[in-house]
Each structure stands twice: as C-alpha cells, then as structure tokens.
Amino acid sequence: MEEAVNFSKRIIFVGMPDTAFTTLYYLKGAGLNIVAVVPPPKSNPANEPFVNYAQKMGYTVVSPEDSINEREIISELKTLRADLAVVTSYSEKFSKELLSVTKDGFVNVHPSLLPEYRGANPYSHVIINGEKQTGVTLHKMDDMFDTGDILMQVPVDILNNETMGTLFNKLNRISGEILVQFLRTYEVMGLPEGVKQSTMPVAKHVASKIMPDSGQTLIIWEKSADELERFIRGLNPFLPAGTRYRGIYMKIFTAEACMMKSKFEPGTICAIGRTIDVATGKGVLKIRSLQLGSYFMGDAKDFAERVNLQVGEKLGFVNQ
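In this numbering scheme, every chain counts its residues from 1 along its sequence in written order. Local features in this predicted model are restricted to residues whose pLDDT is 70 or higher, and side-chain atom pairs enter the listing and the counts only when it is 80 or higher, whereas totals over whole chains, interfaces and linings include all residues. Computation of side-chain values covers all heavy atoms of the structure but excludes hydrogens and water.

**Q** Sorry, what's going on with the sheet that holds strand 4 (residues 106-110) here?
**A** What holds strands together in a sheet is hydrogen bonding between their backbones, with the strands either parallel or antiparallel. At least two DSSP bridges between two strands are required for those strands to pair. By definition, any uninterrupted DSSP run of H or I lasting at least four residues is a helix, any uninterrupted run of E lasting at least two residues is a strand, and each is numbered from the N terminus. Pairing is mixed in the open sheet, where six strands are placed in the order 2-1-3-4-5-6. Each edge of the open sheet is held by one strand with a lone partner, namely strand 2 (34-38) and strand 6 (150-157). Averaged over all pairs of adjacent strands, the angle between strand axes in this sheet comes to 15°, irrespective of strand direction. For strand 3 (residues 84-88) and strand 4, the ladder comprises four bridges, and the chain directions are parallel. Note that in strand 4 the partner of Val87 across the bridge is Asn108. As a rule, the C-alpha atoms of each element are fitted with a line to give its axis, helices using only the stretch in contact, and angles between N-to-C directions run from 0 to 180 degrees.

As structure tokens, this is what we get:
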C-alpha cells in the first residue's frame, strides 16, 4: 500500500473528454491539490458535460470561450500561482505565454512511446501497423505537439485481439495511474530533468488524425486479409471501417483473417456460413459482425439470411 502524501503543490488540470474524465477521477481519488480545471473551449460540444463533471467534484473551472490561449485565460491562470499544469488530450497548441503561467511549466500525457506515434490518434495506428507494444509518455510541453523533453514512460503490451476501444480504455486507466505516481514524486523531489527527444532515434511512425469524411476508414480489398483484420480492429468502435454493399454503406466491426487462397477477385464474397468470407489481395477476410445503413446491425450469418446474400456479389464502391 502506497504511503499517503499530503499534497501541497498547486496543480492546474487541462483536459478534453473522454480521456479527461478518467484522468481527473484518478487525480481526485489520490487527493491532488487541483486549484483549477481547464476544459475545452465553450465553443466545443464537450465543454458542458466536462464542466459539470469537474464542478460536481468541487473544482474551480476556468473555461475559455474559443481558445485556451486567450489573454483573459492566461491572466486568470497566472493569478492561481500554480506550481505545475498537467494536460491530457487537448487538441490545441499552447502559446509560450500560456506555458509560462506556472512555476514548472506544463506536463502532457501522451498515449504512445514518444517519439514514436506522435500525433492525434496513436490508438488506431499502433494496431493497424501490427505493433506488439505501445505505452504512455509524460513529457514537458513546448509550443509544438508532443515534442518536449520526456519525463516518464511506461510500456504497455498490445493484445492480439486489441481494438481501438479496448486500447483507449486501457491507456486511459494507465495514464491516470502513472500521472498520480509522477505527481507523488514531484511533490517531494520537484520536476525531474527530462530526456530531449532530439537525442533519441528518429521516429519511424506518426499518428495523424483519421478522417472518415476523407475516405481514410474505407476498406481497400486489394490489401491482404491480415492487414484488413488489423485495420478493422484499429478503428473499432469509434471510427468503424467501411465498404459498400448494393450501394449502401456497410460498417464492419469484427473479422478474422484466413490465409487460404481464393479464385475470386478482391472484394468478392467467396463463401457464406457463420461468417461472410470475402476475397482480398492475399487471403480471405471472414466478417463476423457488421452494420448496414440503418437497416441492420448484428452478426454476419443473420445478415446473410436477411438479405439473401449470394456468393459472387461484390463489396466496395464498384456497386455505386
């Protein structure tokens, strides 16, 4: 059992849901001295529910109108005489002036092992790329995204059946735990000297935002079954992978890869049973659960029976 700490360091918490809900819950439970909570701007739909959550916890809320870099916000935060600010999942660059409002600056929680997978969506990209490990990084913030000195890292294994959703929840929990651990040490020892990312091996991967409206969640059937299975898991459930069937958009939630050969062209349904088997560029993708428009959501066998699915039909935008 960890020794109780009487927290006196004055901490500002800055965050965006859903990650911020979990992190603030852990900080509250540990008894951190949170002197203010900064939610997303009022122009963001996530502002109101998070403000209500923080206020019910008894915290003072400093809520920007349109940007955390507003002069009024910077002035108000300066008056708090905070020692440190901690940040989770905030989608805005912080100005140098904002970063100077606390004694020891700002520390960000990032859900990957920086400098790898710097960016907005490391959850999906690590699964899609077949990584076996990811993690959580605490780093000192500068006026760029995810580039500051690394203060602490915790590796996390990626399970064979990991989805974007399961990894998101797992890393949120771990982020809360290690942030509390870090702040316990900070209370006694102060801010540690970080490791400059410029001294580390150059990152091979970035984690850019995945935009469904730009076609980035569409299934490309010419890829291998293994690649498509990871793609589907890496987007499930928040940004589900999709294709078209008889001109209607179909979301695919779960599938498995089979490396058997198929005589059919990629995107063609080659067998129907407990799964819907689709030929790919290499191997067969066995679809297990899906959604078709607003008509159906459920398992593949039920779907095939309802629509009288036929071997030889094609999935994809060829049917438009």
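What follows picks up the thread again.
**Q** How should I be thinking about the packing of aromatic side chains in this particular structure?
**A** The geometry of an aromatic ring pair is captured by two quantities: the separation of the ring centres and the angle between the planes. Each Phe, Tyr or Trp ring (for Trp, its six-membered ring) is paired with any other whose centre lies within 6.5 Å, and the angle between the two planes then decides the class: stacked below 30 degrees, edge-to-face above 60, tilted in between. Under the definition given, this model contains 11 aromatic pairs. When the centroid spacing of 5.0 Å and the interplanar angle of 65° are considered together, the rings of Tyr123 and Phe168 count as edge-to-face. One end of the pair, Tyr123, is in helix 5 (residues 122-128); the other, Phe168, is in helix 6 (residues 164-189), and 45 residues separate them in sequence. For a ring to carry a charge above it, either NZ of a lysine or CZ of an arginine must fall within 6 Å of the ring centroid while also lying within 35 degrees of the normal to the ring plane. One residue, Lys28, lies across the ring of Tyr59, its end atom 5.1 Å from the ring centre.

**Q** Quick question: what am I supposed to make of the environment of Val188 here?
**A** Residue position: Val188 is located in helix 6. Here the alpha-carbon distance between Val188 and Phe7, two residues 181 residues apart in the chain, equals 9.2 Å.

**Q** I'm lost on the environment of Asp142 in this one. Help?
**A** Relative to the helices and strands, Asp142 resides in the loop between strand 5 (133-140) and strand 6. The exposure class of Asp142 is partly exposed, given its relative accessible area of 26%. For the pair Asp142 and Pro192, spaced 50 residues apart in the sequence, the C-alpha separation amounts to 16 Å. Only heavy atoms enter the contact rule, under which two residues are in contact if any of them lie within 4.5 Å. What Asp142 contacts, discounting residues up to four positions off in sequence, is Phe94, Leu99, Thr147 and Gly148. Side-chain atoms alone can form a polar contact between residues adjacent in sequence; in general such a contact is a pair of N or O atoms within 3.5 Å, and within protein one must be able to donate a hydrogen while the other accepts it. Engagement of the side chain of Asp142 in a polar contact is seen with the backbone nitrogen of Met144, the distance being 3.0 Å. A distance of 2.8 Å separates polar atoms of two side chains, one belonging to Asp142 and the other to Thr147. Relative accessibility under 20% of the residue-type maximum defines a buried residue, over 50% an exposed one, and the middle range a partly exposed one, all with a 1.4 Å probe and only protein chains included.

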